[in-house]
Amino acid sequence: MSISNITVFMPSVLTLIGIPGLESVQCWIGIPFCAMYLFALIGNSVLLIIIISERSLHQPMYIFLGMLGVTDIVLGTSIVPKMLGIFWFHVPDIYFDSCLLQMGLIHMFECIESGILLAMAMDRYVAICYPLRHGAIFTHQLVTQIGAVVTLRAAILATPSLVLIKCRFQFYHTTIISHSYCEHMAIVKLAAENVRVNKIYGLFVAFAVAGFDLTFITLSYIQIFITVFRLPQKEARWKAFNTCIAHICVFLQLYFLAFFSFFTHRFGAQIPPYIHILFSSLYLLVPPFLNPLVYGAKTKQIRIHVVKMLCS
């Protein structure tokens, strides 16, 4: 029997089933997901408006925060509307090319977010460890170059995964994706052909991005803590320590969920699918939800301008 008789040839439409095993309660799961998305959208939009409109906030830390806000808005918008369409309106179908576009946006902006978090950690490292040289090192030109490099790196790493799926695979076992959004390995597993190259490239990108960024973020905060504990004033030491702890919690949450999602797709055969799908969805929803709180509400200058905006 030929392969075309037992598989689907170049499907034009795929079907996302949402969260396997929880189809009966997906409509309720959509409520907190929608609330988190709306909060992330409003919170990050407010941060962007404040940072753009206030000239006093045109500094590296706030510019990186604005970049992070844009990234969070795009990440949330790329998955939540379609996810809610599945949960609430029972519209599971998605065009194959649209699915690849969603996958590309997700992985590209995940990579951008990781790069921005690294840039923010380096900025804090220079600001705390070398305060007198911070202005000379982190110029607006350097910030622009960092943004361009982070975006270019993400585009270069995300594009091959799209090309490998689009150009290598012609036959698919099924058109049903057991996921709530178009995730790389969820699509690759549909293929009826050799997927070794795709798996290897996925591993390479994950370890190249998360491994590199997480290593230098960790080293930066180790140096920051060493410097903070040497500060003579207790109040200054506590203020810097409190800020760093909040940032570290965001990093840990992001990378823990990322690695959990990544490894369960490849090695987590014993983990129930709905656990994996829920965690991988939260991996994309929780950071955009938390970032305005951690980086915005806990930053005094941002907090002052938010209060001014509300009062006016």
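Residues numbered from 1 in each chain as written. Predicted model: local features only at pLDDT ≥ 70, side-chain atom pairs only at ≥ 80, totals over all residues. Heavy atoms only, no water.

Enquirer: Hey, could you run me through the side chain of R124 in this one?
Expert: With respect to the secondary-structure elements, R124 resides in helix α4 (residues 96-129). Classification of R124 by relative accessible area gives buried; the value is 19%. Look past the residues within four positions of R124 in its chain and what remains in contact with it is M61, H134, Y221 and I224. (Helix = DSSP H or I, 4+ residues; strand = E, 2+ residues; numbered from the N terminus. Buried < 20%, exposed > 50% of the residue type's maximum accessible area, 1.4 Å probe, protein only. Contact = heavy atoms within 4.5 Å.)

Enquirer: Help me understand the packing of α4 against helix α8 (residues 196-228) in this model?
Expert: Describing two packed helices takes the angle between their axes plus the distance from one axis to the other. Put simply, α4 and α8 touch, their axes get as near as 9 Å, and they point 20° apart. Between α4 and α8, the angle falls in the class roughly parallel. Pair α4 / α8 crosses with left-handed handedness. Along its contact with α4, which presents C111, S114, G115, L117, L118, A121, M122, R124, Y125, I128 and C129, the element α8 presents V209, F212, D213, F216, I217, S220, Y221, Q223, I224, T227 and V228. Classifying every residue of the contact of α4 with α8 gives 15 nonpolar, five polar and two charged. (Axes fitted to C-alpha atoms, helices over the stretch in contact; angles between N-to-C directions. Parallel < 35°, antiparallel > 145°, perpendicular 65-115°, else oblique. Left-handed = near helix turned anticlockwise from the far one by under 90°. Nonpolar A, V, L, I, M, F, W, Y, C, P; charged D, E, K, R; others polar.)

Enquirer: Where do I start with the environment of W28 in this structure?
Expert: Tracing the backbone through its elements, the reader meets W28 in helix α2 (residues 26-53). Under the relative-accessibility criterion, W28 is labelled exposed at 59%. On a C-alpha basis, the gap between W28 and W88 in space is 8.7 Å, while along the polypeptide they are 60 residues apart.

Enquirer: Would you mind showing me how to read the nonpolar core here?
Expert: For soluble globular proteins, nonpolar side chains are generally found buried alongside one another. Membership of the largest hydrophobic core comes to 87 residues, with the highest contact counts inside it found for I165, I177, Y221 and Y295. Among the elements that make up this core, the one with the highest residue count is α4 (17 residues). The contacts of Y221, once residues within four sequence positions are left out, are A121, R124, C244, H247, I248 and F251. (Core = buried A, V, L, I, M, F, W, Y, C linked by side-chain atoms within 4.5 Å.)

Enquirer: How do you make sense of a positive patch on the surface when you look at a structure like this?
Expert: A cluster of basic residues, K239, K298, K300 and R303, forms a positive patch at the surface. One can find K298 in the loop between α10 (273-297) and α11 (300-311). (Patch = residues over 30% accessible without salt bridge, like charges linked within 9 Å, V, L, I, M, F, W, Y side chains within 5 Å. Areas by Shrake-Rupley, 256 points an atom, 1.4 Å probe, with all protein chains shown as cover. Salt bridge = Lys/Arg side-chain N within 4 Å of Asp/Glu carboxyl O. Lys, Arg positive; Asp, Glu negative; His and termini not counted. Charge placed at Lys NZ, Arg CZ, Asp CG, Glu CD.)

Enquirer: How do you make sense of the UniProt feature "transmembrane region" (unreviewed entry) in the chain when you look at a structure like this?
Expert: Following the UniProt record, the feature "transmembrane region" (unreviewed entry) maps to residues 28-50, 62-80, 100-121, 142-165, 200-228, 240-262 and 274-295 here. Between the C-alpha atoms that bound residues 100-121 there is a distance of 32 Å. The span itself is 100% helix and 0% strand. Spanning residues 142-165, this segment combines 100% helix with 0% strand, and its end C-alpha atoms are found 36 Å apart. (UniProt positions renumbered as here; feature names shortened; annotations may be inferred.)

Enquirer: Sorry if this is basic, but what is going on with unusual backbone geometry here?
Expert: Working note: non-glycine residues mostly have negative phi, and peptide bonds are mostly trans. The phi dihedral of M10 falls on the positive side, at around 40°, and the residue is not glycine. Note that M10 resides in the loop between β1 (8-9) and β2 (13-16). Exposure remark for M10: the relative accessible area of 38% places this residue in the partly exposed category. Although it is not a glycine, H90 adopts a positive phi angle of roughly 55°. Looking at the element boundaries, H90 is found in the loop between α3 (60-89) and β3 (93-95).

Enquirer: I keep staring at the environment of F96 and nothing clicks. Help me out?
Expert: Within the secondary structure layout, F96 lies in helix α4. Measuring from C-alpha to C-alpha, the distance between F96 and K239 comes to 50 Å, with 143 residues separating the pair along the chain. When sequence neighbours within four positions are dropped, the list of residues in contact with F96 reads P11, S12, V13, L14, I165, K166 and Y172.

Enquirer: In this structure, what is going on with the sheet that holds β3? I would like to understand it.
Expert: With mixed pairing, three strands are arranged side by side in an open sheet as β3-β2-β5. Only two strands of the sheet have a single neighbouring strand rather than two, namely β3 and β5 (176-177). Across two bridges, the pairing between β2 and β5 is parallel. For L16, the partnering residue across the bridge sits in β5 and is I177. Strand contacts of α4: β2, β3 and β5, with the helix running at about 85° to β3, the strand carrying the most contacts. (Pairing = 2+ DSSP bridges.)

Enquirer: Can you walk me through the environment of L282 in this structure?
Expert: Its place among the elements puts L282 in helix α10. Each C-alpha atom of the pair L282 and F33 lies 8.5 Å from the other, and the pair is 249 residues apart in sequence. Ignoring anything within four residues of it in the chain, the contact list for L282 reads F33, M36, L257 and P287.

Enquirer: What is the right way to read the packing of α2 against α10 from this model?
Expert: Packing of α2 against α10 brings their axes to within 9 Å, and their N-to-C directions diverge by 35°. Where α2 crosses over α10, the handedness of that crossing is left-handed. Residue-level contacts link I29, F33, M36, F39, A40, G43, N44 and L47 of α2 to L278, S281, L282, L285, V286, P288, F289, P292, L293 and G296 of α10. Counted by class, the contact of α2 with α10 contains 14 nonpolar, four polar and no charged residues.

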